[in-house]
Amino acid sequence: MLSKNKVVDTALWDKNRNKIYSKKGGWIIGKGVFSHGYDMMNDLVGEVSYMQVMILNATGRMPERRLADWFEAVHICLSWPDPRIWCNHIGALGGTMQTSTVAATVAGILANDSRSYGTRPILEGIAFIKGAMVKFNQGLSVKEIVEIECSKHGGKPYIMGYARPIAKGDERVLALEKIADKLGFSRGDHLRLAYDIEAYMLEKFDEGININGYVAAFLSDCQFSSSEVYRVFSVVVNSGITACFADVCDRPADTFLPLRCDDVLYEGKTARVLS
Amino acid sequence: MVSIMSVNKHQQVKKRDEVFSDKISTRIWEETASDENPYIASSARCHGYEITDLVEKCSFIETLYLLFRGELPGKEEAFLLEKLMIFLINPGPRHPATRAAMNAGIGKTNPEHILPIGLTILGGAHLGAGEIESSMRFLRKNFKKPVGNVMDMLLKEAVAPEEGDWHIAPGFGSRYGSIDVMPGEMANGFAELDADRKILKWGCEFAQLLAPHQMGWLMTGLAAAVFAELGFQPRYGAGLFQLLSAPGLLAHGMEQSNKPMTAMPFVKDEDYVIEE
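Quick caveat: nothing in here was measured; it's all calculated off a predicted structure. (Residues numbered from 1 in each chain as written. Chains lettered and ligands numbered in written order. Predicted model: local features only at pLDDT ≥ 70, side-chain atom pairs only at ≥ 80, totals over all residues. Heavy atoms only, no water.)

## Let's talk about the overall build of chain A
Logical step 1: If you tally the helices and strands in chain A, you get 13 helices and six strands.
Logical step 2: Relative to a compact globule of 275 residues, whose C-alpha radius of gyration would be 19 Å, chain A shows 24 Å and is clearly more extended.
Logical step 3: Taken along its principal axes, the extent of the C-alpha atoms in chain A is 70 × 60 × 50 Å.
Logical step 4: Every one of the 275 residues in chain A was classed for burial, and the buried ones make up 42%. (Helix = DSSP H or I, 4+ residues; strand = E, 2+ residues; numbered from the N terminus. Rg over C-alpha atoms; globule rule 2.2 N^0.38 Å. Buried < 20%, exposed > 50% of the residue type's maximum accessible area, 1.4 Å probe, protein only.)

Next up, the structure:
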């Protein structure tokens, strides 16, 4: 109903008042639960893997089982039970606070929405390799592609998908290569280019590809967009955080890396008095 | 092809020689250990001031400003911050972040999760904390320029969405297709508080030019302008906005938590449309 003073066109919002439009599916009570046309209880439960449903819900496309198995392997690669990793550390701090498991795990997942590590860099990783492929197809050499990217960072080898903090080399790349071979995936154009870039990076800077670079190239070959990949991997670090939470939560409270007052270095203003 | 060098690199992962600090460091807070127990603090100072003195002699607003800026505010700064805190205290029950908190409340979510749930949704880039930093940067970059030039440039370069609201610049745009009245009125009021409020004044002139296009100040723009006036760094803006909006989120979430689930609408089947 129009208010008596209404002069603005609010049709877009009026159309959506008290009404939900879904391109995904939903629960039709008494009939079933549907996701992108699949009857979840009859077509999916017991028929496909959880990871296939995760990808279906995130992208709208049902992947083949082997691709979902590869995605699952990535989740294992990013769920380490080591509380020194930043997001896991948060899970552990939740444990020492006796936070709920869900809160601690979700807090850690939120932390991995970071521009330095975790899920978010995949957006930039895919943007880089797709952009590199365009440049390569336009005739630029691998050397030129690397130089253009490094020039954005004062010549330093900062390319999303290459090098990593803490260590040199990435054992997860070989693990994922192995599973890709086992599942029968061949290397596509993006992955071949990613390895050519790595070869140049190794020679020039002694820095290799990391899991982000590998995953970005592999999934670009599988025609995924960066936002689709980001959505699928939204909880990719989940399990490692829960592990670290559980380990600490089962110990006495406040015993995870407790700090004495003098364990914190104060660098601020000296003591002063309010006037 | 994967080179032998690549395989070797990833088979033999080596630790970098990065040097990590031995200790956490801070310029904000100093705790002095008690004589009996090094884990127990017997006193604490905020930027040099004893917390007990702050309790005795300062307001919450002054202490909040001190915590973030390192110095106590002048009267004008404290006054402006307090006015903004009052104005932002509740995004209101129609705001998606408040509704998230209310949904958690009605769903009997643990009370300690209600505020984080609301704050997380408030982090969004549309009318949320995610818009504050870019708005602060926009204002800081442009407030010394003639407002008409900025407007002309934006109208030439910015692209309106096919449907829905248009934020022609971060913190400025339309709300439900028209001007959001309250932030505009409040911005005019804040700008008049002090002759030296150049960013707020520039924002008010900019909003005037936007008015014929059914756009103006948004809540996020107003918050960004005040934060910029008070000298906060843009990266602090998102969290400050969340902090100032938190009371309303919690109040609405808790209000629902003692009600039955039927106290909030559950969209009817006939109003749930699965699109092909």
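## A closer look at the overall build of chain B
Logical step 1: A tally of regular secondary structure across chain B gives twelve helices and eight strands.
Logical step 2: Whereas a compact globule of 276 residues would reach a radius of gyration of roughly 19 Å, chain B reaches 24 Å, over 25% beyond that.
Logical step 3: Counting only C-alpha atoms and orienting by the principal axes, one finds that chain B spans roughly 65 × 60 × 55 Å.
Logical step 4: Buried residues in chain B amount to 41% of all 276 residues.
Logical step 5: Of the roughly 15400 Å² of accessible surface on chain B, a fraction of 55% belongs to carbon and sulfur atoms.
Logical step 6: In chain B, 27 side chains carry a positive charge and 36 a negative one; their mean positions are 6 Å apart. (Areas by Shrake-Rupley, 256 points an atom, 1.4 Å probe, with all protein chains shown as cover. Lys, Arg positive; Asp, Glu negative; His and termini not counted. Charge placed at Lys NZ, Arg CZ, Asp CG, Glu CD.)

## Concerning the side chain of H252(B)
Residue and element names in this part refer to chain B.
Logical step 1: Assignment of secondary structure puts H252 in helix α12 (residues 237-257).
Logical step 2: For H252, a relative accessible area of 13% translates into the label buried.
Logical step 3: When residues no more than four places from it in sequence are discounted, the contact partners of H252 are N90, G92, P93, T98 and M102. (Contact = heavy atoms within 4.5 Å.)

## What about the nonpolar core?
Logical step 1: Within the largest apolar cluster, 56 residues are counted, with the highest numbers of intra-cluster contacts made by F138(B), F206(B), W217(B), L222(B) and F227(B).
Logical step 2: With residues near it in sequence (within four places) discarded, F227(B) still touches L84(B), I132(B), M136(B), F232(B), G237(B), L240(B), F241(B) and L244(B).
Logical step 3: In terms of nonpolar packing, the next biggest core, distinct from the first, is built from 52 residues, M54(A), F128(A), I145(A) and V173(A) among them. (Core = buried A, V, L, I, M, F, W, Y, C linked by side-chain atoms within 4.5 Å.)

## Points about the domain arrangement of chain A
All names here are of chain A.
Logical step 1: With domains assigned, chain A is organised as domain 1 (22-63) and domain 2 (121-232).
Logical step 2: Here the C-alpha centroids of domain 1 and domain 2 sit 32 Å apart.
Logical step 3: Contact with domain 1, which involves five residues of that partner, is made by five residues of domain 2.
Logical step 4: Both sides together, the interface formed by domain 1 and domain 2 hides about 470 Å², and carbon and sulfur atoms give 63% of it.
Logical step 5: Per-residue buried area on domain 1 facing domain 2 is highest for A58, T59 and R61; these three make up 68% of the total on that side.
Logical step 6: For the interface between domain 1 and domain 2, the tally reads one salt bridge.
Logical step 7: Between R61 and E228 there is a salt bridge whose closest N-O contact spans 2.7 Å.
Logical step 8: If you look at where domain 1 meets domain 2, you find one residue pair in polar contact (both at pLDDT 80 or more).
Logical step 9: Grouping the constituent residues of the side of domain 1 that touches domain 2 by class yields three nonpolar, one polar and one charged. (Domains from an automatic or database assignment. Buried area = accessible area lost by both parts, 1.4 Å probe. Salt bridge = Lys/Arg side-chain N within 4 Å of Asp/Glu carboxyl O. Polar contact = N/O pair within 3.5 Å; in protein donor to acceptor, adjacent residues only side chain to side chain. Nonpolar A, V, L, I, M, F, W, Y, C, P; charged D, E, K, R; others polar.)

## Some remarks on the pairing of strand β4 (residues 41-46) of chain B
Residue and element names in this part refer to chain B.
Logical step 1: Relative to β4, strand β3 (residues 29-33) runs antiparallel, the two being bridged by five bridges. Counted as the bridge partner of W29 is C46 from β4.
Logical step 2: In this structure, β4 lies alongside strand β5 (residues 49-50), joined through two bridges in antiparallel fashion. Bridging from a neighbouring strand, R45 pairs with E50 of β5. (Pairing = 2+ DSSP bridges.)

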